[in-house]
Amino acid sequence: MSNYVIGKVIGVFGDSIDIALDNYLNDSGVPENMIININTEQGPEPILIGQPGTFLKIQISNGMLLCMVSGIKMKDTTNNSTDSISVDLPNRILTLVPFGTINENNIFEKGSDVLPTINNYVYAVSSKTINTIYSNFSEGNFTLGKLSLMPQQDALINLDSFLSRHGAILGQTGSGKSWTVASFLQKIANLKQSTVVLLDLHGEYKNAFGDYADYIDASSLELPYWLMNCEELLDLMVDKNENAAPNQTALFKTLLQQSKQNHPENQELAIPKINVDTPVYFDFNEILNKFRRLDTEMVEGSRGPKKGDFNGQFSRLLTRIDSKLNDVRYNLIFKPQIYNTSASMSDLFKKILGEEEIPKKIVIIDMSPIPFDVRTSVISLLLRCFFDFCYWYKKINEESYPLAIFCDEAHLYLNEYDSSSKSARLSAERIAKEGRKYGASLTIISQRPREVSATILSQCNTFLCLRITNPDDQSYVKRLLPDSLASITTMFSSLRRGECILLGDSVIMPTRIKIDKPNPTPDSEDTSFYKKWNMPHEEIDIPSVLDAWRKQKA
Ligand SMILES: Nc1ncnc2c1ncn2[C@@H]1O[C@H](COP(=O)(O)OP(=O)(O)OP(=O)(O)O)[C@@H](O)[C@H]1O
Ligand SMILES: [Mg+2]
């Protein structure tokens, strides 16, 4: 380890350390241009000191404390000493965030028991040291790009930690989230196999992956009602504020149970006890017809016909459910054409998990063609199905089925405040809380972290933060991070497009990364107004746009 002294500690504050740089003198200190040369086996290595995101180390009792620079300032102090000599001391002060210790045996460990004290020496860190630290930590050779400030150094990350303990990719619009996702998944696709489901809200990813991805247009994906559990079905039909709600719920449960049990196909499945949540086919119309009959039933009374016990109890429920049944947008749930037998469930799962005859490593589910209110029902059902599948896979195989779900634009359907996204949010929260044990992983991608379910974000252990300039968003993300990393959030606004700071379990230390460009890129290019408006005018085909809009089909 080369030890080039650049300055000393002048302040220690629990989660940050201030150091003052020494003036350059022979082989120590830092010249005004902030570049020093340290001796390495390969010869002198120039190092730029003070750039936020670069590394320094500080002498402590049991080795070296590795720190990242989070800020730099210049302080002019005039020293009016008693000898009446007045000296100007331009102090170059760096603020550092400590994050690990290099012990006497050159082994890096996250965290530190000891902090330095005033006047401890501060040293420059060679790229070789950084390389050794990264290589020792990563699982395999998985990288997302290069270190921004050491472009020759791969930013190795631990994929297992990123996925198994859930991750979040955050950044303002246009900061590069979709490109990062594409680049990330393209690297995953280099592995021999994978099961990744990507919820694509804008239809951006269709061409971002080659043959190794399956593209499913959600409007053609049937997710039949009979896959819903009893609670989800009740949510669709019963208004809990209605007086008749308890009657409706009780009767629905009885009828549902009977309908599932009596369906001839189900009787052959040899299920010892079918209950209201068993995912088997049942005939919805059969139940609704029963409701209709009871709702208008007249019975014989002592003074002629009178209203039956349930007469009028189901009118509102029937109106509510009829409005959904008659809405063609809900056909993919209520009028399944393909998946309308219990046996067909296996084909559906093969499709959504990319496990058909030709296995696919990534399944893109394009949600853009379906309207918002249907979208949350579909996502909720999908997420619950994924969780239940992983749960039961582990139960029978005693090992997990690793499944990674990437939720792009998560604030739209895993929203903390929007009641219409409640069902999807609850399904996702369950994966965030319990998924790790069964191999189900969630990656949240959002430009509005403040609106995403706090339960989900607080379960994420890796944060890939792209450019965030809004101070409210910055302070929100700051609150999600451990105290020791909070001061790094000040760097979020200085990031370039496609550049991020990766923090948390999956990286050995907070890392500023230039994400590799995806190839091919997703379909999310900015519009060039200037270029377009500098071209001669062409007549546009307005009817074709309106036609597609009306038919909801491009
Ligand atoms: N790694 C990168 N390298 C170079 N350019 C990039 C990179 N990432 C993103 N860009 C540029 O930024 C543009 C916007 O990126 P992207 O679509 O990923 O943003 P986003 O964060 O997903 O935005 P939104 O929140 O609106 O979906 C891209 O079209 C591309 O030009
Ligand atoms: Mg995007």
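What you see is a predicted model, and the numbers here were worked out from it, not measured in a lab. (Residues numbered from 1 in each chain as written. Chains lettered and ligands numbered in written order. Predicted model: local features only at pLDDT ≥ 70, side-chain atom pairs only at ≥ 80, totals over all residues. Heavy atoms only, no water.)

Student: How should I be thinking about the overall build of the protein in this particular structure?
Tutor: A count of helical and extended segments in the protein gives 16 helices and 22 strands. Per-residue burial for the protein yields a buried fraction of 50% across its 554 residues. Contacts in the protein between residues at least 24 apart in sequence constitute 68% of all its contacts with a sequence separation of at least 6. Carbon and sulfur atoms provide 49% of the accessible area of the protein, an area that totals close to 27,700 Å². Charged side chains of the protein number 57 positive and 67 negative; the gap between the two group centres comes to 3 Å. (Helix = DSSP H or I, 4+ residues; strand = E, 2+ residues; numbered from the N terminus. Buried < 20%, exposed > 50% of the residue type's maximum accessible area, 1.4 Å probe, protein only. Contact = heavy atoms within 4.5 Å. Areas by Shrake-Rupley, 256 points an atom, 1.4 Å probe, with all protein chains shown as cover. Lys, Arg positive; Asp, Glu negative; His and termini not counted. Charge placed at Lys NZ, Arg CZ, Asp CG, Glu CD.)

Student: Looking at this structure, I do not really get the site of ligand 1. What am I missing?
Tutor: In the vicinity of ligand 1 lie 18 residues, with Thr173, Lys177, Ser178, Trp179 and Ser524 positioned nearest. Serine 175 has a polar backbone atom sitting 3.3 Å from an oxygen atom of ligand 1. One of the side-chain N or O atoms of glutamine 447 is found 3.2 Å from an oxygen atom in ligand 1. Sorting the residues of the shell around ligand 1 by element identifies α3 (177-188) and β22 (511-515) as the ones contributing at least two each. Take the shell around ligand 1: its biggest share by element is 3 residues, from α3. In terms of residue class, the shell around ligand 1 is built from 2 nonpolar, 9 polar and 7 charged. (Near = heavy atom within 4 Å. Polar contact = N/O pair within 3.5 Å; in protein donor to acceptor, adjacent residues only side chain to side chain. Nonpolar A, V, L, I, M, F, W, Y, C, P; charged D, E, K, R; others polar.)

Student: Please explain helix α4 (residues 230-237) as it appears in this structure.
Tutor: Three- or four-residue spacings in an α-helix give side chains the same orientation, since the helix completes a turn every 3.6 residues. Burial of α4 is extensive: 6 of the 8 residues sit out of reach of the surface. Among all positions in α4, only Cys230, Glu232, Leu233, Leu234, Leu236 and Met237 are buried. In this structure, the buried side of α4 is in contact with α5 (245-262), α7 (284-296), α8 (315-325), α9 (331-334) and α11 (372-397).

Student: Help me understand the pattern of salt bridges, please; the structure alone is not making it clear to me.
Tutor: A side chain of one charge can pair with a side chain of the opposite charge when the charged atoms of the two come close. Applying the stated criterion across every chain, the model contains 19 salt bridges. The partner of lysine 128 in a salt bridge is glutamate 41, with the nearest N and O atoms 3.9 Å apart. Highlighted residues: lysine 128 in helix α1 (residues 127-137) and glutamate 41 in the loop between β3 (35-40) and β4 (43-48), separated in sequence by 87 residues. On the accessibility criterion, lysine 128 (49% relative accessible area) is partly exposed. Overall, the relative accessible area of 70% leaves glutamate 41 in the exposed class. The shortest N-O distance in the salt bridge between aspartate 388 and arginine 384 comes to 2.8 Å. Of this pair, aspartate 388 and arginine 384 both sit in helix α11, 4 residues apart, which is roughly one turn of that helix. Aspartate 388 sits in the partly exposed class, given a relative accessible area of 22%. Look at arginine 384 and you get buried, because its relative accessible area is 12%. Through salt bridges with shared partners, a single ionic network connects Glu232, Arg384, Asp388, Arg430 and Glu434. (Salt bridge = Lys/Arg side-chain N within 4 Å of Asp/Glu carboxyl O.)

Student: Teacher, can you tell me more about the side chain of glutamine 153 here?
Tutor: You can see glutamine 153 is positioned in strand β11 (residues 150-156). There is a polar contact of 3.3 Å between the side chain of glutamine 153 and the side chain of asparagine 131.

Student: Help me understand helix α14 (residues 471-480), please; the structure alone is not making it clear to me.
Tutor: Listed as buried for α14 are Asp473, Gln474, Tyr476 and Val477. Axial view of α14: buried residues confined to an arc of 160 degrees, hence all on one face. Facing away from the buried side of α14 by over 90 degrees, the exposed positions are Pro471 and Arg479. Buried residues along α14 sit in contact with β12 (167-170), α13 (454-459) and β20 (462-465). The backbone nitrogen of aspartate 472 lies 2.7 Å from a side-chain oxygen of the residue at the head of α14, namely asparagine 470. (Arc of directions from axis to C-beta.)

Student: Which parts of the structure should I look at to understand a nonpolar patch on the surface?
Tutor: A contiguous nonpolar patch, built from Ile540, Ile542, Val545, Leu546 and Trp549 and spanning about 550 Å² of accessible area, is present on the exposed surface. Tracing the sequence through the fold places valine 545 in helix α16 (residues 542-551). Since its relative accessible area comes to 52%, valine 545 is described here as exposed. (Patch = residues over 30% accessible without salt bridge, like charges linked within 9 Å, V, L, I, M, F, W, Y side chains within 5 Å.)

Student: What is the right way to read the domain arrangement of the protein from this model?
Tutor: Quoted interface sizes are often the accessible area lost when the parts come together. Domain annotation of the protein identifies domain 1 (5-137), domain 2 (154-219 + 359-551) and domain 3 (230-322). Here the C-alpha centre of domain 3 lies 72 Å away from the C-alpha centre of domain 1. (Domains from an automatic or database assignment.)

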